[in-house]
Amino acid sequence: MLEAAVANMNSFGRVAVCGAISEYTGNQKRAALEMLDVVYKRITIQGFLAADYVKCYAEFISTTTDHLRSSKMQAICDISHGVESVPCAFVGLFRGDNIGKRLCKLLMNEKPARIGFS
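Residue numbering note: each chain is counted from 1, following its sequence as written. Residues qualify for local features only when their pLDDT is at least 70, as the model is predicted, and side-chain atom pairs are given and counted only at 80 or more; totals for whole chains, interfaces and linings, by contrast, use all residues. Excluded from the side-chain calculations are hydrogens and water; all other atoms, namely the structure's heavy atoms, are used.

- In the annotation of an unreviewed UniProt entry, the chain is listed under the name 2-alkenal reductase (NADP(+)-dependent) and assigned to Sesamum angolense.

Written as structure tokens, this is what we have:
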């Protein structure tokens, strides 16, 4: 997928890379990029970790929450159903099977439990 993106990028384009959980395990061929386009187009590719931006976390949560509530932004979720789907959903994280946030819905058609004291 990265190769297709790079092939369609403008000169001096920039790519931020974060999260490659499907690359953490397995013996399959690792993601490799055709570097010729990167060189000729003078593309910058920089990896980052979420920990690099801890100081921005509170502002990020506030802004993101506002955007989600006002529908300026939508969360993409990949939902599996039932407790029996948990193992496959978990393994799928490492294969790159999901798009967006991976969720497992364990209860169907039941009200959420209320936790608290009266």
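Read on, since the account is not over.
### Looking at the overall build of the chain
And then number 1: Helix and strand assignments come from DSSP, with helices taken as H or I runs of at least 4 residues and strands as E runs of at least 2, each series counted from the N terminus. Across its full length, the chain carries 4 helices and 4 strands.
And then number 2: Of the contacts made within the chain by residues no fewer than 6 positions apart, 64% connect residues no fewer than 24 positions apart.
And then number 3: Only the protein chains shown count as cover for residues, and the accessible areas themselves come from Shrake-Rupley with a 1.4 Å probe. A total accessible area of about 10,400 Å² is found for the chain, and carbon and sulfur atoms account for 60% of it. The contact definition used throughout considers only heavy atoms, calling two residues in contact when any of these lie within 4.5 Å.

### Section: the pairing of strand S3 (residues 77–81)
And then number 1: DSSP-based pairing: two strands are paired if at least 2 bridges between them are found. For S3 and strand S4 (residues 101–105), the ladder comprises 5 bridges, and the chain directions are parallel. Bridge pairing in S4 links serine 80 to cysteine 104.
And then number 2: A crossover gets the label right-handed when its path from the first strand over the helix to the second runs clockwise, viewed with the strands pointing away from the viewer. On the question of chirality, the crossover connecting S3 to the parallel S4 by way of helix H4 (residues 86–95) is right-handed.

### A short note on a nonpolar patch on the surface
And then number 1: Within this analysis, patches are made of residues with over 30% relative accessible area and no salt bridge. Like charges are joined at 9 Å or less; nonpolar side chains (Val, Leu, Ile, Met, Phe, Trp, Tyr) at 5 Å or less. When a carboxyl oxygen of Asp or Glu lies within 4 Å of a side-chain nitrogen of Lys or Arg, that pair is called a salt bridge. On the surface, a nonpolar cluster with roughly 430 Å² of combined accessible area is contributed by Met35, Leu36, Val39 and Tyr40.
And then number 2: Position of methionine 35 among the secondary structure elements: in helix H2 (residues 35–40).

### A few points about unusual backbone geometry
And then number 1: With phi around 65°, phenylalanine 12 is a residue other than glycine that occupies positive phi space.
And then number 2: Relative to the assigned elements, phenylalanine 12 resides in the loop between helix H1 (2–7) and strand S1 (14–17).
And then number 3: Positive phi outside glycine occurs at arginine 42, with the angle close to 55°.
And then number 4: Here arginine 42 is to be found in the loop between H2 and strand S2 (44–47).
And then number 5: Relative accessible area decides the class of each residue, using a 1.4 Å probe on protein chains only: under 20% of the type maximum gives buried, over 50% gives exposed, and in between gives partly exposed. For arginine 42, a relative accessible area of 45% translates into the label partly exposed.

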